[in-house]
Amino acid sequence: MKRGRKTNEANSSSSEETAEGESKRHKVVDEKSRVVQGPDWANLLQDIILQVFQYLPLLDRAHASQVCRSWNQVFHMPDLWRCFEFELNQPATSYLRATHPELIKQIIKRHSNHLQYVSFKVVDSSKESAEAACDILSQLVNCSLKTLGLISTARPSFMDLPKSHFISALTVVFVNSKSLSSLKIDDTPVDDPSLKVLVANNSDTLKLLKMSSCPHVSPAGILCVADQCHGLRELALNYHLLSDELLLALSSEKHVRLEHLRIDVVSENPGQTQFHTIQKSSWDAFIKHSPKVNLVMYFFLYEEEFDPFFRYEIPVTHLYFGRSVSKDVLGRVGMTCPRLVELVVCANGLRPLDEELIRIAERCKYLSAVGLGECEVSCSAFVEFVKMCGGRLSQLSIMEEVLIPDQKYSLEQIHWEVSKHLGRVWFPDMMPTW
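Residues numbered from 1 in each chain as written. Predicted model: local features only at pLDDT ≥ 70, side-chain atom pairs only at ≥ 80, totals over all residues. Heavy atoms only, no water.

Going by the annotation in an unreviewed UniProt entry, the name recorded for the chain is FBXL3 protein, with Trogon melanurus given as the source organism. The heading Pathway (unreviewed entry) in the UniProt record of the chain holds the text "Protein modification; protein ubiquitination." (UniProt positions renumbered as here; feature names shortened; annotations may be inferred.)

Chemist: How should I be thinking about the sheet that holds strand β3 (residues 147–152) in this particular structure?
Modeler: Paired through their backbone hydrogen bonds, the strands of a sheet run either parallel or antiparallel. The parallel open sheet is built from 12 strands, whose spatial order is β1-β2-β3-β4-β5-β6-β7-β8-β9-β10-β11-β13. Edge positions in the sheet fall to β1 (83–88) and β13 (395–398), since each has one partner strand and no second. In this sheet, neighbouring strand axes are inclined to one another by 10 degrees on average, regardless of whether the strands run parallel or antiparallel. The sheet contact formed by strand β7 (residues 260–266) and strand β8 (residues 294–300) spans seven bridges and is parallel. By the bridge assignment for β8, Arg262 is matched with Val296. (Pairing = 2+ DSSP bridges. Helix = DSSP H or I, 4+ residues; strand = E, 2+ residues; numbered from the N terminus. Axes fitted to C-alpha atoms, helices over the stretch in contact; angles between N-to-C directions.)

Chemist: I'm lost on the state of the cysteines in this one. Help?
Modeler: By definition, a disulfide links two cysteine residues through a covalent bond between their sulfur atoms. With the rule as written, the count across this model stands at zero disulfides. Unpaired in this structure, Cys375 has its nearest cysteine sulfur neighbour in Cys346, at a distance of 8.3 Å. Under the relative-accessibility criterion, Cys375 is labelled buried at 5%. (Disulfide = S-S within 2.5 Å. Buried < 20%, exposed > 50% of the residue type's maximum accessible area, 1.4 Å probe, protein only.)

Chemist: Whenever I open this one, the layout of surface pockets confuses me. Can you help?
Modeler: Its volume calculated, the largest pocket comes out at about 690 Å³. Every element with two or more residues in the lining of the largest pocket is listed here: β3 and β7. With four residues, the top contributor of residues to the lining of the largest pocket is β7. Taken together, the residues of the lining of the largest pocket sort by class into 10 nonpolar, 10 polar and eight charged. (1 Å grid on protein atoms, 1.4 Å probe; cavity = no way out; pocket = protein on both sides within 12 Å on 5 of 7 lines; lining within 4 Å. Points joined across faces, edges and corners; volume = space filled by probe spheres on them. Nonpolar A, V, L, I, M, F, W, Y, C, P; charged D, E, K, R; others polar.)

Chemist: Can you walk me through the packing of helix α8 (residues 192–202) against helix α9 (residues 219–228) in this structure?
Modeler: Packed helix pairs are characterised by how far apart their axes lie and by the angle those axes make with each other. Where α8 meets α9, the closest approach of the two axes is 9 Å, and the angle between their N-to-C directions is 10 degrees. On the basis of the axis angle, α8 is roughly parallel to α9. Here α8 contributes Asp192, Leu195, Lys196 and Val199 to the contact with α9, which in turn contributes Gly221, Ile222, Cys224, Val225 and Gln228. (Parallel < 35°, antiparallel > 145°, perpendicular 65-115°, else oblique. Contact = heavy atoms within 4.5 Å.)

Chemist: Hey, could you run me through the packing of aromatic side chains in this one?
Modeler: The relative placement of two aromatic rings is captured by the distance of their centres and the angle of their planes. Under the defined criterion, the tally for this structure stands at 16 aromatic pairs. On the basis of an interplanar angle of 80 degrees and a centroid distance of 5.2 Å, the ring pair of Phe299 and Phe309 is categorised as edge-to-face. Here Phe299 is found in strand β8, whereas its partner Phe309 is found in the loop between β8 and β9 (318–324), with 10 residues between them in sequence. This pair shows no difference in class: Phe299 is buried, exactly as Phe309 is. Here the aromatic rings of Phe310 and Phe321 are separated by 6.2 Å at their centres, their planes lie at 55 degrees, and the arrangement is tilted. One end of the pair, Phe310, is in the loop between β8 and β9; the other, Phe321, is in strand β9, and 11 residues separate them in sequence. Residues Phe310 and Phe321 agree in their burial class; the two are buried. Sitting over the ring of Trp81, Arg61 keeps its end group 4.9 Å from the ring centre. Arg262 extends its terminal NZ or CZ atom over the ring of Tyr298, reaching a point 4.1 Å from the ring centre. (Phe/Tyr/Trp six-rings, centres within 6.5 Å; stacked < 30°, edge-to-face > 60°. Lys NZ or Arg CZ within 6 Å of the ring centre and 35° of its normal.)

Chemist: Sorry if this is basic, but what is going on with the pairing of β9 here?
Modeler: Regular strands have side chains that alternate between both faces of the sheet. Sheet analysis places β8 next to β9, joined by four bridges and oriented parallel. Opposite Val296, over in β9, you have His318 as the bridge partner. Bridge analysis of β9 against strand β10 (residues 342–347) gives five bridges, and the strand direction is parallel. Bridging from a neighbouring strand, Ser324 pairs with Ala347 of β10.

Chemist: Any chance you could explain the pairing of β10 here in plain terms?
Modeler: A crossover links β9 with its parallel partner β10, the connecting element being helix α12 (residues 327–336), and its sense is right-handed. Both β10 and strand β11 (residues 369–374) contribute to a ladder of five bridges, which runs parallel. Its bridge partner being in β11, Val344 is matched across the sheet by Gly371. This β-α-β element, β10 to helix α13 (residues 354–363) to β11, shows right-handed connectivity. (Right-handed = clockwise from strand over helix to strand, strands pointing away.)

This is the structure in structure tokens:
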């Protein structure tokens, strides 16, 4: 009996060990299978796939749509095509991959009525890429765009096209959209008649117009836009389109308060460009109507061309000098720009700007951002400038080469002094060595 019990106990123990071993083996197999299987990409939530697809270029979207049925369904969701950038280039002139024209045609055929925020980015200077953009524009007959941007990162591009071809394609969008609110058409052959078409079809909805470097537009053309588009809040244009009549139109009781006005003052041929003068009364009327407007001015002039500017008070808030500017002009800035918030000077002569900076600190009580490039300022004058402006200088970008050591401060000492007056740690910017 004892022998029988021992045998049964041994068999029972052996079977338990066998069962435990089998359980462990199954567990290991299950764990390995889980590792091998990984996540189920086909069953991801469509909202997540949609978010990913929105960051993909057109060609990559098309490839991803072929992964499975779920991803293909997301590819054709209207939400994916409300905002899109067509990036155009020619393989022979760019290292970037060109999107196949047939794919673009298919997208337009199926989703043109979903497009609302569209931009065309021409990344090379080829005429063919600009023509491709116009061909796409002319096909947008069933769309209702809210935003249209034509961007040429390599000039010239759109300007190389026959004017009639470009205007014909652009007016297709103007006529069919009916609710265009934002238009960016820099460096294009747009003209006065096409702006009239824009106004006739979108005057109640247009809020932003950016059209610098459009040589076929006259002051009368932009005045037509200001007269009719009373909801316009942001405007960017070249100085030759700015006029007293335009400022007065933007100041009328019918017009909403402008929030942002950018003026590019550009000279391509030194000594051959004549710049007109805007009357102080026009600026006064404008700022009375829109007291909180940001007036941004970019200057790309030669020294002898600054004579018409800064002769009396103007309401500029952001001022950028892209070329060398004289001490005299910067001195006038301190006297005539009391609303100045930001000042950037890329270059100056070899004479220190000590007095000019001190004057700007005294007169420009709202100044909060300053950038100085190829200029010279003594360390003592710079410390005094920062001391006068105090903690309101939220942005201070000064190249180390700008600061000239003197008897009072060395380059090592100025770091501590400026940091003390700013209330935060500050260092001058260093010139890259590569």
